[in-house]
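Residues per chain are reported as follows:
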Amino acid sequence: MKVSLYRKFAELLNEAEREKREVARITEEVPDLSAEEAYKIQEELIKIKTNSGHRIIGPKMGLTSQAKMAQMKVKEPIYGYLFDYMFVPSGGAIHMSELIHPKVEVEIAFILGEDLEGPHVTSTQVLSATKYVAPALEIIDSRYQDFTFTLPDVIADNASSSRVVIGNTMTPIHSLKTDLDLIGAALYINGELKACGAGAAVFNHPANSVAVLANMLARKGERLKAGDIILTGGITEAIQLSAGDTVIGQLDQLGDVSLSVKE
Ligand code: OOG
Ligand code: MG
């Protein structure tokens, strides 16, 4: 694929996000788009955002649990980037008028105290480099029609990143009474349990997700940095949101994280 096309598709996806409208999947125009080329489009999209003054808060992992892979019919993990404008305080609101067809996921966030550089990062190294863990809600909002895509499409679209809510309590990772894989997670909407699971759903242990991320980033000479806030991926399937919803994610030992959905 020609390099000028990377820029064209990145602009298309950025406009779709800004104008809150769905666009056709890139693979409809370029059926043989590879994952590698898709990451080049993602890099262009990241450049467009940073050039317009937005700041990266950290990379994130996606499609790291069986539940997510089965729901989206994509069987490989991906990464994308979270930006400052995506952050909503816990208890705050998101607005349907700013989004296309948002869904919510409950996740465990890692806050790093030290850099991590691949390609041989292990989960043990992740655990010793991590300062805090926190409960998180991620709002994903694919820019593609009907929220359906193939692996390269979703890579190009910055892994559907849209909004993020981090719980108010940062828990020092070494103060946990059980390992993170045994931490239960429940997602309630308007008081009704919509999905539940445990940390183990994410690559057997969410630290594995951070290790995979560090090792994937090493391919383009990037590393995870102290202070990065990293989402390790939805523990359960994502749930569609509507105006009027109140969402609460509850994680054992980590506390709650919540948001409301306005018109
Ligand atoms: C892709 C993003 C997936 C996760 O946590 O698995 C993701 C999507 O499902 O639209 O953020
Ligand atoms: Mg996610």
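The text that follows walks through the structure, step by step, so that each part is easy to find. (Residues numbered from 1 in each chain as written. Chains lettered and ligands numbered in written order. Predicted model: local features only at pLDDT ≥ 70, side-chain atom pairs only at ≥ 80, totals over all residues. Heavy atoms only, no water.)

## Some remarks on the coordination of the magnesium ion (ligand 2)
Thought 1: All of the protein donors around the magnesium ion (ligand 2) are E105 (OE), E107 (OE) and E138 (OE); their distances to the metal are 2.0 Å.
Thought 2: Between consecutive donor residues of the magnesium ion (ligand 2), the sequence gaps follow E-x1-E-x30-E. With a gap of 33 residues between them, E105 in strand β5 (residues 103-112) and E138 in strand β6 (residues 130-140) connect regions that are remote in the sequence. Residues E105 and E138 agree in their burial class; the two are buried. (Donors = N, O, S within 2.8 Å, 3.2 Å for Na, K, Ca; no water. Helix = DSSP H or I, 4+ residues; strand = E, 2+ residues; numbered from the N terminus. Buried < 20%, exposed > 50% of the residue type's maximum accessible area, 1.4 Å probe, protein only.)

## A few points about the packing of aromatic side chains
Thought 1: Going through the model one piece at a time under the given rule, you end up with four aromatic pairs.
Thought 2: For the pair F147 and F149, a centre-to-centre distance of 6.4 Å together with 45 degrees between the ring planes defines the contact as tilted.
Thought 3: Relative accessible area serves as the criterion here: at 5%, F147 is assigned to the buried category.
Thought 4: Judged by relative accessible area, F149 falls into the buried class, the value being 9%.
Thought 5: Site record: aromatic cluster; members linked through ring pairs are Y39, Y79 and Y81.
Thought 6: The residue whose ring lies beneath K103 is F147, and the NZ or CZ to ring-centre distance is 4.2 Å. (Phe/Tyr/Trp six-rings, centres within 6.5 Å; stacked < 30°, edge-to-face > 60°. Lys NZ or Arg CZ within 6 Å of the ring centre and 35° of its normal.)

## What to know about unusual backbone geometry
Thought 1: With an omega of 15 degrees, the peptide bond running from G118 to P119 counts as cis.
Thought 2: Even without a glycine there, the phi angle at L63 is positive, about 60 degrees.
Thought 3: Within the fold, L63 resides in the loop between β1 (56-62) and α4 (66-72).
Thought 4: For L63, a relative accessible area of 5% gives the class buried.
Thought 5: In this structure, N158 takes a positive phi of about 50 degrees despite not being glycine.
Thought 6: Relative to the helices and strands, N158 resides in the loop between α6 (151-156) and β7 (161-166).

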